[in-house]
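Each chain is listed here by its residues.
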Amino acid sequence: MSTGIYGRREVKHARYAVAAVFAVHGSVTGSFATRVPWIQDHAGVSAGQLGLALAFPALGASLAMPLAGSVSHRFGARTALRGLLALWTLALVLPSLAPNLLTLCLALFVYGATAGMSDVAMNALGVEIENRLDKSIMSGLHGMWSAGALIGSAAGTLAAHLGADARTHHLLAAAVLTVTGLVACTWVLDLQPAEDEDPPPRFALPPRSAVLIGAVGFCAVFAEGASLDWSAVYLRDELQTSAGLAAACTTGFTLTMAGARLVGDTVVDRFGAVRTVRVSGVLAALGGLLVVIGGHPAVAMTGFALMGLGIAVVVPLCFAAAGRAGSNPSLAIAGVATITYTSGLVAPSAIGGLAQATSLVVSFGLVTLLACCLVVFARVLRAGDRNRPKISAPVAEVPDRQS
């Protein structure tokens, strides 16, 4: 992708625009998640059938993510992001329209495919802006995604409380988010491929560097998925707490993770990606240990909060490292995204299967071991450190021009 010439002011504006894009992307996820029970009832599917259907977003994302690089190469980064993000926000409407299992699976496949492609496109632009500013911004961008997810969840919770039809709710949400995303994309970098640049392959295996970086992301996302889906169950079943306290545990985990992402860039710029992830791994492992051996609700809740704090910046740093580790950032980012999406898919069922065979305590023992892997393998993220050579040139000091 051609670097293009942009002034510092334009790149700063592009940073805020991409941050808004991340928030829009997260809002779609939050809006959908809160209305899953309504969608299940409307489609008339059982719990087991719903579980099957919910595997299709990850399947769609995994198959479609490698296409994002080709789309960006053909249309340019700004146009590609604008189109892919609009497809994603509009896809929010599809699951609530599904009348049966087959159509629900198809709707969720499209939902996941558009989510994955827009995810790759916005992360690639985020890495490009980070390189040009020569400062860490990826953690903050993912923090905006988390903030957007919380806003979408809050709106969805209110809609559900009021008994609103999810079709109406999602239609309104999709309209607002589509317009917001289109406006935000006006100020992102309009990168175009160089004249002599060959188009990327539509489908290709991720480079070896992306596989190693993705493995670190896999550990973090596994801990995230396990905590989000099973922390409340852990407190209720293992520690016999009330449903309200159990739900508060999940909320605490989400808030510490979102808060850490919003301030994580300052830490990364100060200490570097590798040291930050090593310390993060220690915090996550300590949190997992408290969950496993605490035996008291307050201790377990502290443990889950520490896990949220510990894993918060790992995935943003994985994307940053992937975008700087080779000559094809989009392909590397797509590879890392595919691996992390896969982790998010398998984590809840793996925890449940292991818990059924043993106990939830043993399941979170596995999570603790994976958190320890963050400490051991943090060095593979060294490409994300600011003192290493970058693929893209830093911001040129040129007069600002109109985007």
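Anything mentioned here points back to the structure above.
Residues numbered from 1 in each chain as written. Predicted model: local features only at pLDDT ≥ 70, side-chain atom pairs only at ≥ 80, totals over all residues. Heavy atoms only, no water.

Draft legend 1. Spotlight on the nonpolar core. Counting residues in hydrophobic clusters, the biggest one holds 108 residues, and the most contacted among them are Tyr234 and Phe364. In contact with Phe364, not counting residues within four places along its chain, are Ala226, Ser227, Trp230, Tyr234, Val291, Val292, Phe304 and Met307. (Core = buried A, V, L, I, M, F, W, Y, C linked by side-chain atoms within 4.5 Å. Buried < 20%, exposed > 50% of the residue type's maximum accessible area, 1.4 Å probe, protein only. Contact = heavy atoms within 4.5 Å.)

Draft legend 2. Representation of unusual backbone geometry within the structure. Unusually for a residue other than glycine, Asp134 sits at a positive phi of about 55°. With respect to the secondary-structure elements, Asp134 resides in the loop between helix H8 (101-133) and helix H9 (138-161). Its relative accessible area of 38% is what places Asp134 among the partly exposed residues. One non-glycine residue, Gln240, adopts positive backbone phi at about 55°. (Helix = DSSP H or I, 4+ residues; strand = E, 2+ residues; numbered from the N terminus.)

Draft legend 3. Fine view of the packing of helix H11 (residues 208-238) against helix H17 (residues 360-377). At a minimum axis distance of 10 Å, the contact between H11 and H17 shows a crossing angle of 155°. On the basis of their axis angle, the class for H11 and H17 is roughly antiparallel. For the element pair H11 and H17, the recorded crossing hand is left-handed. Each of Val216, Cys219, Ala220, Phe222, Ala223, Ala226, Ser227, Trp230, Val233, Tyr234 and Glu238 in H11 lies in contact with H17, whose residues at this interface are Leu360, Val361, Phe364, Leu366, Val367, Leu370, Cys373, Leu374 and Phe377. The residue makeup of the contact of H11 with H17, split by class, is 18 nonpolar, one polar and one charged. (Axes fitted to C-alpha atoms, helices over the stretch in contact; angles between N-to-C directions. Parallel < 35°, antiparallel > 145°, perpendicular 65-115°, else oblique. Left-handed = near helix turned anticlockwise from the far one by under 90°. Nonpolar A, V, L, I, M, F, W, Y, C, P; charged D, E, K, R; others polar.)

Draft legend 4. The packing of helix H4 (residues 56-64) against helix H16 (residues 329-357), seen in detail. Following both chains from N to C, one finds H4 and H16 inclined at 170°, their axes separated by 9 Å at the closest point. By the criterion of interaxial angle, the relationship of H4 to H16 is roughly antiparallel. Crossing of H4 over H16 shows left-handed handedness. In this structure, H4 contributes Ala58, Ala61 and Ser62 to the contact, and H16 contributes Thr338, Tyr341, Thr342 and Leu345.

Draft legend 5. Inspection of the pattern of salt bridges at higher detail. All told, the structure shown has three salt bridges when counted by the stated rule. Residues Arg167 and Asp165 are paired through a salt bridge, measuring 2.7 Å at the closest nitrogen-oxygen approach. On the accessibility criterion, Arg167 (35% relative accessible area) is partly exposed. A salt bridge links Asp237 to Arg236, with the shortest nitrogen-to-oxygen separation between them at 2.8 Å. Overall, Asp237 belongs to the partly exposed group, its relative accessible area being 38%. (Salt bridge = Lys/Arg side-chain N within 4 Å of Asp/Glu carboxyl O.)

Draft legend 6. Main features of helix H14 (residues 297-311). In this model, H14 (15 residues) spans 21 Å end to end at C-alpha, consistent with the 21 Å of a helix rising 1.5 Å per residue. Among all positions in H14, only Pro297, Ala300, Gly303, Phe304, Leu306, Met307, Gly308, Gly310 and Ile311 are buried. If you follow the buried residues of H14, they end up packed against H11, helix H12 (243-271), helix H13 (273-293), helix H15 (314-324) and H17. (Expected span 1.5 Å × (residues − 1).)

Draft legend 7. Seen up close, a nonpolar patch on the surface. Together, Leu94, Leu97 and Val110 make up an exposed nonpolar region whose accessible area comes to about 220 Å². Within the secondary structure, Leu94 sits in helix H7 (residues 94-97). (Patch = residues over 30% accessible without salt bridge, like charges linked within 9 Å, V, L, I, M, F, W, Y side chains within 5 Å. Areas by Shrake-Rupley, 256 points an atom, 1.4 Å probe, with all protein chains shown as cover.)

Draft legend 8. Region of interest: H11. Along H11, the helix axis deviates most sharply at Trp230, where the bend reaches about 55°. Looking one or two residues beyond H11, the residue adopting positive phi is Gln240, at roughly 55°. (Bend = angle between axes of the 7 residues up to and from the residue.)

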